[in-house]
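Okay, here's what each chain looks like letter by letter:
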Amino acid sequence: MATISDETVSVPSLVSNNDSSPHTNGTIGSSTSVETLVIFGWGTYLKTSDSHAAPVSYFRHAPLHNMWAQLTQGMKIEVINTDCGGNSNDNKEKVFWFAFIVRVEGYLALLRYEGCEDDSSMDFWYNLCNKDVHCVGWCGQNGIKLAPPRTIEHRQTDWKTFLVNKLVGSKTLPDNFRQKIQLSLRCPFRRNIILEVIDKYRVSNMRVGKISEVIGGRLRINYENTPGEHFWVHHTSELIHPVGWSQTTGHELEATEQYKKEVSKMIELNSYPANVATADLFHKVQMPSSDDEQFKEGQKLEAVDPLEMSRICPATVGKVLKDGYFMLSIDGSTVEDGSDWFCYHSSSRLIFPINFCKLNNIPLSPPIGYQGEFQWDKYLLEKNSVYAPQELFQVIKEKTINPFSVGMKLEAVDMMAPHLVCVATVAEIADSLIRVHFDGWGEDFEQWIDCQSPNIYPIGWCELVGYKLEPPKQPEQDNSESSTKARPKKTSNRKSNKRKRLI
């Protein structure tokens, strides 16, 4: 999952991009060529691992999630014909043919050309969002050549009659399918917008950043005044905020005095330049009312360790900020300078009342160095502390249905190195949580996330938006010097820095 540099390679996306629009996705400018990418085929991997993918409809932030369930087995499409004969280098004209869906996995479908009947030897996997996939009738409307694959063209003497019988009355893609794809990829952010973002080196701080790339709703944010340093995040993430947010909520901010003065003036006049991110661009969090009970400093709870997300740990509410935000420390792991305190909102779904782990039959990691069996009643007495009331937690106030199942495949952001999107598997389910396993990596690198997290995607998402997908780590990579250089093991680096930074 790890690579030498915090870079993402530019890959061709399946949809066209328009950098001039504030609502479309850009492509990444990188010195690494497409040819250097490791080619990973989801179709082959699903077959060899005898597995299935999580349906697109499970990811409510994913493109076309609300209509993907309509794409079902037997649906007819027009798709590029890869077996049309002749020299493909000489023949620049694309030739299409009819196919039907045999199986849907994420954004991918196993397709079979019409005329193959029960012969599966020519079946092939294709991303249904590919620009060479269309509804039946598209080729005729656009004057595009249709021809049967050379391998099966002899199987019918009257293709016209055969196709009429196969296609009339059949289900196909909507006429505006391609437009629906483009609309579903809209993002409110654009390049060169300034915002406030978590400091990956000191997570208790916010910093000023500028968006340099937008891909599939994910933002690459360059830290201001630190050339070459950047951070990847989804545009709905709780790790980014409008300009002025730190000052308004009372969060620590590393910024120049000039920035702070300018922000104060913007807030006072309620006037913001066009290149400044304002609150309307961000995911809305539920603001507590003055009558609502709030989290209080010193209260104990359980939380996913934000710097080692395979663990759920006892934690303590630290400084209480405004608008429902507060700082949180992981018991037994906090460094002396407090640089690993993490900001949460009261509506976060990664904080839980005490005994949440016990009720859901998942392990609670006791504070480092804690002696004996951990029990909350005993621990609260030892620390002379109180627990946060159960009714404060979003996971209690608003129950969500967790649709995932153990074993489902997906593409997931490595939250410890968020420039990486990796081949992953659902390893465990607990309430609204899923435990993400990164294929080829050990259990220590697994991560607990909410089932509605924007950091997980259907398989085929990276191909759709043009983002590099990290394939599973192969066993020989641990023993090969050249492989280690290309994809170093993360154990030593992450463990030694886990209380200090995100990669």
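Residues numbered from 1 in each chain as written. Predicted model: local features only at pLDDT ≥ 70, side-chain atom pairs only at ≥ 80, totals over all residues. Heavy atoms only, no water.

Colleague: Before we move on, could you go through the pairing of strand 2 (residues 96-105) and cite the residues and values that matter?
Modeller: The two faces of a sheet get side chains in turn, since along a regular strand they alternate between them. Taken across its ten residues, strand 2 has seven buried, putting it largely inside the fold. Note that strand 1 (residues 76-80) and strand 2 share five bridges and pair antiparallel. Among the inter-strand pairings, Lys76 is bridged to a residue of strand 2, identified as Phe100. Direction of pairing for strand 2 relative to strand 3 (residues 108-113): antiparallel, over a ladder of six bridges. Directly across from Glu105, in strand 3, lies its bridge partner Leu108. (Buried < 20%, exposed > 50% of the residue type's maximum accessible area, 1.4 Å probe, protein only. Helix = DSSP H or I, 4+ residues; strand = E, 2+ residues; numbered from the N terminus. Pairing = 2+ DSSP bridges.)

Colleague: Account for empty space enclosed by the protein, naming residues and giving values.
Modeller: Rolled over the atoms, a probe sized like a water molecule indicates the empty space that remains. A complete count under the given rule lists three cavities of 30 Å³ or more for this structure. Reported here for the largest cavity is a volume of approximately 70 Å³. If you go around the largest cavity, the residues you meet are Ile198, Val203, Asn205, Met206, Glu238, Leu239, His241, His251, Phe342 and Cys343. Looking at side-chain class alone, the lining of the largest cavity contains six nonpolar, three polar and one charged residues. (1 Å grid on protein atoms, 1.4 Å probe; cavity = no way out; pocket = protein on both sides within 12 Å on 5 of 7 lines; lining within 4 Å. Points joined across faces, edges and corners; volume = space filled by probe spheres on them. Nonpolar A, V, L, I, M, F, W, Y, C, P; charged D, E, K, R; others polar.)

Colleague: Pulling in residues and values, what's your account of the sheet that holds strand 5 (residues 133-134)?
Modeller: Taken together, five strands build an open sheet; the order of strands is 4-3-2-1-5 and the sheet is antiparallel. Each of the sheet's edge strands pairs with one partner strand only, and the pair in question is strand 4 (124-127) and strand 5. By the bridge criterion, two bridges tie strand 1 to strand 5 in an arrangement that is antiparallel. What sits directly across from Val79, in strand 5, is Val133. Each of strand 1 and strand 2 is contacted by helix 3 (residues 159-167), which is oriented at about 35 degrees to strand 2, the strand it contacts most. (Contact = heavy atoms within 4.5 Å. Axes fitted to C-alpha atoms, helices over the stretch in contact; angles between N-to-C directions.)

Colleague: Describe the nonpolar core, listing the residues and the values that go with them.
Modeller: By size, the foremost hydrophobic cluster in this structure holds 138 residues, and its most contacted members are Val79, Leu111 and Phe404. Counting residues per element, this core draws most heavily on strand 18 (residues 421-430), which supplies six residues. Apart from residues lying up to four places away in sequence, Val79 is in contact with Val95, Phe96, Trp97, Ala99, Leu111, Tyr113, Phe124, Tyr126, Asp132 and Val133. (Core = buried A, V, L, I, M, F, W, Y, C linked by side-chain atoms within 4.5 Å.)

Colleague: Quick one: what's the story with the side chain of Asn455, residue by residue and with numbers?
Modeller: Summarising the element assignment, Asn455 is placed in the loop between strand 20 (447-450) and strand 21 (456-457). When neighbours within four sequence positions are excluded, Asn455 is seen to be in contact with His234, Glu411, Ala412, Val413 and Met415.

Colleague: Break down the confidence of the model for the protein for me, with residues and values.
Modeller: Summarising the model, the protein shows a mean pLDDT of 87, and 86% of its residues fall at 70 or more. Note on residues 16-38: pLDDT is under 50 here. Beyond four places in sequence and across chains, it has 50 contacts. Counting interchain partners and residues more than four positions distant, the pLDDT-below-50 stretch residues 480-500 has 52 contacts. (pLDDT = per-residue confidence, 0-100.)

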